[in-house]
Amino acid sequence: MNLDLQNKNALVGGSSKGIGKAIAIELAQMGASVTLMARSEDVLKEVVAGLDTSKGQEHHYLVADFSNPEQLKATVDAHLASLAKPMHILINNTGGPPGGPITNASPEEFNSAYSNHLICNQLLAQACLAGMKEAGYGRIINVISTSVRQPLKGLGVSNTVRGAVGNWAKTWSFEVAPFGITVNNVLPGATATERLSSIISNKAAKTGQSEEQVENAMLSAIPAARFAEPNEVAAAAAFLASPAAAYI
């Protein structure tokens, strides 16, 4: 398979930690020049310094907050203008909404999640689209959740917004396919990240169970009897970003 990403540029959201960081590392190892996006500049500096440069890659980072779509768009537009190169790969990824039952969710929680995920995805995809069309190569990959297929208990707002992003992506895929651009969603299950630790901790606090009991209950529902590692999810995203996935 052709998994070579040399001379390809990638923009990776939420890439200071967790799945986003793992995807950035994998893309760089495959030869892509990666632009990281996250809120913490100190952490971004550390991550970008550790990315593979053995194939002449040039890596960058952008300090951006997905809770401020206008600022995010301005930052990305300026970066693309300065690069004067197409962004061939877009990884839409940002932290999920807080957990909680949907019956208690406020309109503000829905609006915030919708903005952070769907609106920011739209702005980033639009920013990269012209360059992808010109290059005849584009990969838009959205890191969502298994809740797109089956809603998860206790994640009411997240379930709702993730479903919206899933349909948004499918609609995009119809419209951009003629230009050599694919749109795919990666739906991670429980993955060993800071977000999973937070979900376990919050559920333990609300139910009176120990964190170990909550974790064991989650593991009992997973056929592999373990949580995924971020690099395992990253491998799927990296494959979808490659030339080998041109018809997916």
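For the structure, check the block above.
Residues numbered from 1 in each chain as written. Predicted model: local features only at pLDDT ≥ 70, side-chain atom pairs only at ≥ 80, totals over all residues. Heavy atoms only, no water.

Colleague: Would you explain the overall build of the protein chain in this entry?
Modeller: When helices and strands are tallied, the protein chain shows 8 helices and 6 strands. In sequence order, the protein chain lays out its α and β elements as β-α-β-α-β-α-β-α-β-α-β-α-α-α. In terms of overall dimensions, the protein chain is globule-like: its C-alpha atoms have a radius of gyration of 18 Å, near the 18 Å expected for 248 residues. Along the first, second and third principal axes, the C-alpha set of the protein chain runs to 55 × 35 × 35 Å. A total of 248 residues make up the protein chain; the buried ones form 45% of that total. Partitioning the intrachain contacts of the protein chain with sequence separation of at least 6 by distance along the chain shows that 72% fall at a separation of at least 24. (Helix = DSSP H or I, 4+ residues; strand = E, 2+ residues; numbered from the N terminus. Rg over C-alpha atoms; globule rule 2.2 N^0.38 Å. Buried < 20%, exposed > 50% of the residue type's maximum accessible area, 1.4 Å probe, protein only. Contact = heavy atoms within 4.5 Å.)

Colleague: Would you take a moment to explain the pattern of salt bridges for this structure?
Modeller: If charged atoms from side chains of opposite charge come close, those side chains can pair. Scanning the model with the defined rule gives 3 salt bridges in all. Across the salt bridge formed by K17 and E194, the nearest N and O atoms sit 3.2 Å from each other. Separated by 177 residues along the polypeptide, K17 in the loop between strand 1 (9–13) and helix 1 (18–29) and E194 in helix 6 (residues 194–207) bring together distant segments of the chain. On the accessibility criterion, K17 (45% relative accessible area) is partly exposed. For E194, a relative accessible area of 56% gives the class exposed. Notably, a salt bridge pairs E232 with R226, separated by 2.8 Å at the nearest N-O pair. Looking at E232, the relative accessible area reads 37%, which means it is partly exposed. (Salt bridge = Lys/Arg side-chain N within 4 Å of Asp/Glu carboxyl O.)

Take it as geometry only, folks, not as evidence of what the structure does.
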